[in-house]
Amino acid sequence: MANLPSIPKGTRDFSPEVSAKRNYIFDTIKYVFKRFAYRQLETPAMENLSTLTGKYGEEGDKLLFKILNSGNFLKKVSDKELCERNTAKLAHLVAEKGLRYDLTVPFARYIVQHQNEITFPFKRFQIQPVWRADRPQKGRYREFYQCDADIIGSNSLINELEIVQMIDEIFTKLNLKVTVKINNRKLLAGIAERIGFPEKFTEMTVAIDKLDKIGLKKVYEELIQAGISEDAVNLLEPILNIGGSFDDQMQCIEKFLGETESGITGIQEIHKLFDYISLFRFNNNIQLDLTLARGLNYYTGAIFEVVSDEVQIGSICGGGRYDDLTGVFGLKEMSGVGISFGADRIYDVLENLNRFPKDVISNVKLMFVNFGEKEEKYCLPVLQKLRNAGINAEIYSDSVKMKKQMKYANSNNIPYVALAGETEISENKFTLKNMQNGTQKLVSANEMINILSE
RNA sequence: GUGGUUGUAGUUCAGUUGGUUAGAACAUCUGAUUGUGGUUCAGAGGGUCGUGGGUUCGAGUCCCAUCUUCCACCCCA
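Rules and cut-offs
Residues numbered from 1 in each chain as written. Chains lettered and ligands numbered in written order. Predicted model: local features only at pLDDT ≥ 70, side-chain atom pairs only at ≥ 80, totals over all residues. Heavy atoms only, no water. Helix = DSSP H or I, 4+ residues; strand = E, 2+ residues; numbered from the N terminus. Buried < 20%, exposed > 50% of the residue type's maximum accessible area, 1.4 Å probe, protein only. Patch = residues over 30% accessible without salt bridge, like charges linked within 9 Å, V, L, I, M, F, W, Y side chains within 5 Å. Areas by Shrake-Rupley, 256 points an atom, 1.4 Å probe, with all protein chains shown as cover. Salt bridge = Lys/Arg side-chain N within 4 Å of Asp/Glu carboxyl O. Lys, Arg positive; Asp, Glu negative; His and termini not counted. Charge placed at Lys NZ, Arg CZ, Asp CG, Glu CD.

Topic: unusual backbone geometry
Part 1: Following Phe 120, the chain continues to Pro 121 via a peptide bond in cis, the omega torsion being -5°.
Part 2: For Pro 121, the location among the structural elements is in the loop between helix 6 (104-113) and strand 5 (122-131).
Part 3: Phi angles above zero are rare outside glycine, and Ala 37 is one such case at about 70°.
Part 4: Structurally, the position occupied by Ala 37 is in the loop between helix 1 (16-35) and strand 1 (39-40).
Part 5: We classify Ala 37 as partly exposed; its relative accessible area is 45%.
Part 6: In this structure, Asn 428 takes a positive phi of about 60° despite not being glycine.
Part 7: Relative to the helices and strands, Asn 428 resides in the loop between helix 18 (422-427) and strand 15 (430-434).

Overview of a nonpolar patch on the surface
Part 1: On the surface, Leu 68, Phe 73, Leu 74 and Leu 82 cluster together into a nonpolar patch covering about 320 Å² of accessible area.
Part 2: For Phe 73, the position within the fold is in the loop between strand 3 (66-68) and helix 4 (79-84).
Part 3: Judged by its relative accessible area of 33%, Phe 73 falls in the partly exposed class.

Some remarks on a positive patch on the surface
Part 1: On the surface, a cluster of positive charge is made up of Lys 401, Lys 403, Lys 404 and Lys 407.
Part 2: Inspection of the secondary structure assignment puts Lys 401 in the loop between strand 13 (393-395) and helix 17 (402-411).

Considering the environment of Ile 239
Part 1: Structurally, the position occupied by Ile 239 is in helix 12 (residues 237-240).
Part 2: The class of Ile 239 is buried, set by a relative accessible area of 2%.
Part 3: On a C-alpha basis, the gap between Ile 239 and Thr 291 in space is 7.5 Å, while along the polypeptide they are 52 residues apart.

Function cannot be read off these values alone, since they describe shape.
Listed below in structure tokens is the structure:
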């Protein structure tokens, strides 16, 4: 075979086996989202570039996939501009559309565009691929799926509670043990204020967010490099080394924050949320983590992150509250809170622990062997009957050598094969072969249905 | 975007200081076995050695470029 075709860098094919496993994850997440009254939204793969640019910072803009205008895409470009070779400037002239970078910005765009048709608060979930022109590496792709649920137009902390409940329920259903870490950006703002560097809030959160990964020393270095004085960084120590029970942590942070304004509301919010949480029993650990920061800087209130207790892989789910997501599109004062599940990482964890249910993979129960025209006519009505009874079944479509047909059933993990030749037809029966243990017996069509329905 | 790394059959990999016709295992197909797969045996097909240049009498092997793979950083799911 000459040159095999291939797919672009950082993209993947999902084989039937892998697809089945991925659907198991998506279906579980979807089922829980729906039960909490979130409704599905789908938006186009491509957005106007003006919708996307400037929303993810300078880095993000570079990672946007841009779509070349159709037809004569050089129409708007002058010879002079072409010669200047200023790619940033040229990009806007030759491309008006781009592939979506996440699901949050298209969601915000949708809300603003349809604000008069939407009854708030609005709850939506969205499971679609997103694209980033990043350099691929372990667990990072140029095309990957996000599973988001957001509620917008409500300040109630009940929404935060429900997000924690959804996380707990989804990972329970997936048979995974996780820890849900919760913090509040207002506490972090209070901390920045207290150490005398409120304007360094973003830098501070980005650095603290790396604590798990790079350790205390490097975080200090990064904070100092960001322009925060050494004295101020030293003040942070009790916070970064904090531990103990919820009450211990709260006592410590309350004392530390004192009268800072955002600190007080942050503490109130945390108390209220954990008050709600204490009303329920959860299967997973729920804990306050004052060092949790999350890099994304549109979060303003509660923030969540979920890590597996069983496999070290980084966060498999994250989210938080944002106060002004739609502001950039001209709709002010819309507070929302959302959560995003990383399907690819959850897949890796399940695969790693061998936790995919066995029946996810093969769902074809039976194959009829094809002996020829007369036999086909005998089998086809029974095949139809099986399908009507809810059994996934098929007939080998060509009357080829039996060995080939058996091999097909075997390599597709089909557990039963039905054979009907002259003898069986004369008795109005089938030979039903169990492919796992090799046994076979003569049964009627109805007996076959009963056996396969078990 | 920065630094490193990888590429030989469908897949995983051998291939000596540069030297005849580039190998193995698994997979595929055919037969042993015309109504029995997963085991066994015999055989077959499958390669412009990622691509394009260069050095050389001669390149899978050396040099350059480019693409790809994987990894780290930046950033992020």
